[in-house]
Amino acid sequence: MTLANVLAVIMWVGVTAYALFGGADFGAGFWDLVAGRAEAGAARRTLIEHSIGPVWEANHVWLIFILVVMWTGFPGLFGAVASTLWIPLTVAALGVIGRGSAFAFRKSVTARWQRRAFGAAFAASSVITPFFLGAAAGGVAAGRVPPGVGQGNAVTSWWNPVSVLTGALAVIVCAYLAAVYLTADARRTGDARLVGQFRACALGAGAVAGLIAAVGLAVLHAEAPTLAHGLANRALPLVVVSGVAGLAALIVLFLRRFLIARTAAAVAVGAVVWAWALAEYPYLLAGRLTIAAAAATHSVLLATSISLLAGAVLLIPSLTWLYVIFQREPRRNVAAPERTPAGG
Amino acid sequence: MTILATVAATADPVAARSQMGLSLAWHIILACFGVGLPGLVLFAEWRGIRTGDPVYRLLARRWARALGLLFAVGAVSGTILSIEMGVLWSGLMSRWGQVIGLPFAIEGIAFFIEAIFLGIYLYGWDRLSPRVHLAAGVPIFAAGIASAFFVVCANAWMNAPAGYTIVHGRLVGVDPLAAMFNAATGPETVHMILAALMVTGFGTASVYGVAMLRGRRDRYHRLGMLIPLTGGALLTVPQIVAGDWAARMVATDQPTKLAAMEGLSRTTRGAPESIGGWYSGGQLHWALRIPDGLSMLARLNPHASIQGLDATPAADRPPLVTLVHLSFDTMVGIGFGLLALGLWLALWWWRRQDFPGSRWFLRAVAVSGVATVVAMELGWITTEVGRQPWIVYRVMKVANAVNPEPGIQYGFWAVVAIYAILTVVTIAVLRHLTRAVPVPTEPQDADVESYQVT
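Predicted model only: the values in this text are computed from it and were never measured. (Residues numbered from 1 in each chain as written. Chains lettered and ligands numbered in written order. Predicted model: local features only at pLDDT ≥ 70, side-chain atom pairs only at ≥ 80, totals over all residues.)

1. Notes on the overall build of chain A
- Regarding its fold elements, chain A presents 13 helices and 2 strands.
- Relative to the 2.2 N^0.38 estimate, which gives 20 Å for 344 residues, the radius of gyration of chain A is 20 Å and therefore close to what a compact globule would have.
- In terms of its C-alpha atoms, chain A occupies a principal-axis envelope of roughly 55 × 40 × 35 Å.
- Burial statistics for chain A: of 344 residues in total, 58% are counted as buried.
- Long-range pairs, those at least 24 residues apart, make up 78% of the contacts in chain A with a sequence separation of at least 6. (Helix = DSSP H or I, 4+ residues; strand = E, 2+ residues; numbered from the N terminus. Rg over C-alpha atoms; globule rule 2.2 N^0.38 Å. Buried ≥ 20, exposed ≤ 12 C-beta atoms within 10 Å, placed from the backbone. Contact = placed C-beta atoms within 7 Å.)

2. Structural notes on the packing of helix H1 (residues 3-33) of chain A against helix H11 (residues 258-280) of chain A
All names here are of chain A.
- Packing of H1 against H11 brings their axes to within 10 Å, and their N-to-C directions diverge by 145 degrees. Along this stretch, H1 crosses H11, giving a crossing that reads as right-handed. Residues Trp12, Val15, Thr16, Ala19 and Leu20 of H1 form the contact with H11, whose participating residues are Ala266, Val269, Gly270, Val273 and Ala277.
- Here the residues of the contact of H1 with H11 sort into 8 nonpolar, 2 polar and no charged. (Axes fitted to C-alpha atoms, helices over the stretch in contact; angles between N-to-C directions. Left-handed = near helix turned anticlockwise from the far one by under 90°. Nonpolar A, V, L, I, M, F, W, Y, C, P; charged D, E, K, R; others polar.)

3. Describing helix H9 (residues 219-253) of chain B
- Taking 1.5 Å of rise per residue, 35 residues should cover 51 Å, and H9(B) covers 50 Å from first to last C-alpha, within 8% of that figure.
- Approximately 35 degrees is the largest bend angle found in H9(B), and it occurs at B:Val237, with the proline B:Pro238 only one to four residues beyond. (Expected span 1.5 Å × (residues − 1). Bend = angle between axes of the 7 residues up to and from the residue.)

4. What to know about the interface of chain B and chain A
- Opposite the 62 residues of chain B that make contact, chain A presents 63 residues.
- Counting only elements with at least two residues in the side of chain B that touches chain A, the list comes to helix H3 (54-87), helix H4 (90-96), helix H5 (101-123), strand E2 (170-174) and helix H15 (408-436) of chain B.
- No other element matches the 17 residues that H5(B) contributes to the side of chain B that touches chain A.
- Residue composition of the side of chain B that touches chain A, by class: 37 nonpolar, 20 polar and 5 charged.

5. Looking at helix H8 (residues 185-213) of chain B
Residues and elements named next belong to chain B.
- Between its terminal C-alpha atoms H8 stretches 41 Å, which fits the 42 Å expected from 29 residues at 1.5 Å a residue.
- The element H8 is largely enclosed, with a buried count of 24 among its 29 residues.
- Two residues or fewer after H8 comes Gly215, characterised by a positive phi angle close to 105 degrees.

6. Side note on the confidence of the model for chain B
Residues and elements named next belong to chain B.
- Summing up the model confidence of chain B, the mean pLDDT is 93 and the portion of residues at 70 or higher is 98%.
- Predicted confidence is poor over residues 1-9, with pLDDT under 50, and the contacts of this stretch with residues over four places away or in other chains come to 8 contacts.
- Both scores are given for the predicted complex: the pTM is 0.94, the ipTM 0.92. (pLDDT = per-residue confidence, 0-100.)

7. Topic: unusual backbone geometry
- Following A:Tyr281, the chain continues into A:Pro282 via a peptide bond in cis, with omega recorded as 0 degrees.
- Of note, the amide linkage connecting B:Gln388 to B:Pro389 takes the cis form, showing an omega dihedral of 5 degrees.
- Of note, B:Pro389 is situated in the loop between helix H13 (359-387) and strand E9 (390-392).
- For B:Trp286, which is not glycine, the phi dihedral falls at a positive 60 degrees.
- Mapped onto the fold, B:Trp286 is located in the loop between strand E6 (283-285) and strand E7 (288-290).
- The phi dihedral of B:Asp292 is positive, around 60 degrees, even though this residue is not glycine.
- With respect to the helices, strands and loops of the structure, B:Asp292 is situated in the loop between E7 and helix H11 (293-299).
- Looking at B:Asp292, the number of C-beta atoms within 10 Å reads 18, which means it is partly exposed.

8. What to know about the packing of helix H7 (residues 161-189) of chain A against H11(A)
Residues and elements named next belong to chain A.
- At a closest axis distance of 9 Å, the pairing of H7 and H11 adopts a crossing angle of 165 degrees. As summarised for this structure, H7 and H11 are arranged roughly antiparallel, according to the angle between their axes. Crossing geometry of H7 relative to H11 is assigned as left-handed. Residues Val173, Tyr176, Leu177, Val180, Tyr181, Thr183, Ala184 and Arg187 of H7 form the contact with H11, whose own contacting residues are Phe258, Leu259, Ala261, Arg262, Ala265 and Val269. (Parallel < 35°, antiparallel > 145°, perpendicular 65-115°, else oblique.)

9. Thoughts on the nonpolar core
- Formed by 285 residues in total, the largest nonpolar core has its most connected members in A:Tyr176, A:Leu177, A:Ala178 and A:Ala179.
- Take this core: its biggest share by element is 21 residues, from H3(B).
- Discounting chain neighbours no more than four positions away, the residues touching A:Leu177 are A:Leu20, A:Gly23, A:Ala24, A:Gly27, A:Ala265 and A:Val269. (Core = buried A, V, L, I, M, F, W, Y, C linked by C-beta atoms within 7 Å.)

Shown next as C-alpha cells:
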C-alpha cells in the first residue's frame, strides 16, 4: 500500500467515525425536533441532552480531523471540493455553529421561552447540517466537482438529484443511528415508555433509510453510472454487508436486543461509507483525480501519517474512557438524574 | 498562470478577507478562554482539595460552568475557520495546504484531547474521585496550550515561509518540520500563548472587579479577582519581553511590516520611535518622536538604518498604514498599562498585604479585561494587515488565494448575521449564569455541592 493510500484510509476512518458518532449527535437533534410539545417531549429531550452532552464535542472534532487530513494529504482535492461546494459547506458551517452553541445555551438558561428558542435552533440546525454535508458528499460522488480551484458550478454541484438524495439519506441515517443508540440509553433509565418510543423511532427511521438507499441506487444508475458500476461490482460485497446488517438491526431491535442493534446499525452505515470509497477507488474525484495524483509530497505524507498514528495511541484510550465512563451509573449520586430545568 | 490571472480578475478578496477577519477575531476571544480558563479552574480545584475551603471549591465549579459554555461556542466557531480555509482561500490551500498541514494535523489531535477530557472533566465532576477528576483536567490545559502553539505555527509560516522547494513553478519538495519551525514560530507562538493566558486572567478578574464596585467585598469575590489578576499581572512582564522579541523578528524578516507599524516612510539612519499620529501622503503627521528610538529598539544601535516604506514597490506595501501603526501603538500602550496595574497591586501587597482599597484600582481592574482583549485583537490587526498584500509573505498575494466562485460576499453577510446574534446571546447567557444562582456571602459545602457544573 502506498503512503498516499495510507493517508486516504486514515481520512476515511475519520469520515466513518464522523458518520457514526457525529451523525448520531445530529440525529439526536432530529428527535429533539419531533419530540412534541414541551411537556410531552420532556423525558425524551432530557435523555437526548444527557446522552450527547458529554460526548458531542469530541465527536465533532472528527469533522475538523477530516478537513485537516484532506488539505494536508490531498490539497488539490480540498481546494476543488471547498471552492466548488462553497455554498453547502458554508451553510453546514453555520449549522454547526447553531447546533453546538444553541445546545450549550439551552442547558444554561431556565426561562421556558428561552429553552424553547434555543431548542428549536439546536434541533433545526441538527437537520440542516447533515443535509448540506450529505448534499456536498453527493456532489463529489456524482462527479460534479472538477479538479482545480472554483472550476465547478456553485449551484448544480450540490443541487442535483444525487445530492438531494444523499442529503436526505444523511439526515435519516443520522436519525436512525441516534434512535438505535438512544434506545439502549433509555433502557438504562428504566423508563419503559421512553424505550418504546425510541424503539419505534429506530424501526421507522431504519425502514425509511433502507427505502431511500434503494431508491438512491436507481438514481445513481442514471446520474452517476461509474459509481453505480463500482457499487454493483467491486464494492458489491460491502453493499450486501450493509443490507444484511441493516435488516439484522431491524430484527434485533424488534426483539429488543438493543446493544446488538447498535453494532448492527453501525456496521450497516459504515459499510455504505466504505462501499462508496471502494467503488470510486483509485479516484477521489470520479474519473478525474486519483489518490496518487492528488497526494501531497512524500515527506508530508510520511510526517502526517506518523503524527496521526502516534496521536491515535493517545486518542484511542482517551475516547474509550470517555464513552465507557458515561455508560456506567454515577459513582456518587450527588447530581440527581431527574433534574429540574434549572439544573441543566 | 492564466488560471491565476482569471482568479484575480473574478475573485472578491475584500468580502473573503472581511469574512475571515470577522470569524477569526470572534473565535480568538473564545479560544483565549479555552486555553487559559482550564488553568484557573484547575488551580481553584486543587486549592479546594488541599484546603477543603468551600470558597475555592465553589470558584472552581462556577468557572468550570463558564468554561463549558465558552468551550462549546469556541469549538464550533473554530470549525467554521477550518471550512473557510477552503471555501474562501481555496487557492492558498490547494497550493500550500500540504506545507502548513503538519501543525494543523497535530493540532487536530490536541483538540481531540481537549474535547475528550473536557467532556470527562465537566460531566465527571460527581462521578470520579477528586484526585482522578483533577488529573483528568490537566490534559485539557496542556492540550489547549499545544493547540494554540500549532495553530500559530501555521500563521507564522505565512509570515516567514520556509521548508519547501519550487522547481519550474511546481512544488517538488517539502520539509514539514522546517515549515513548522520557521523564523516567526518562536516569537509568534510565545506572544500569543501569553496573550491568551492574559486575556483569561484580566478578563476573569474584571468580572469580579465590577462586582466589587457594586459592593460585593466578601472572600469569594476577593479571591475571584485576585487569583486571575495575579496570574495576568505576572505574565505581563514576560509578555513585554516576548513582544520585543516578536518586533525584532519583524524588523529582520518583514521590514515592510515594521515600516508600516512605525509609519516610517523613508529608509532612515538613526530612525526615531514614533508614537501616535496619522499617515497620509507618504508621511506620518502629528506623531510624538523619540530620537533614534526605533533604531535603538530594533537594532540596539542608535545609528542603525531602518528600512522605510519607500524601499518596497507601492503595489507591495500594506494599504492601511495608519491602521497598522495605531493598532501597534495602542497594543503596546495597553501592555504597559497592564504592567502598571500589576505594579500597583504588587506595591500594595508588599507594603500592606492587601490590594489597593481605592475605587480607581477596582475601576482599572474592571476595564483591564476588555483592554486585554482589545490589545490582543490589535496585535492580530498589526500582523495581518501589516503583511498585505501578501497572504504568504513575498510568495502569494491575497488576490491569488481567494476562491473565484461568484457570490461569496453573500456568505460574508450570513456570517455577519450569525455572529451578531451569537455575540448578543453569549453575553446574555454568561450574565444569566452569574446571576441565576447567586453567590452566598459565606459559601458552605452545601452551596458547593448543589451547584451544577453542566
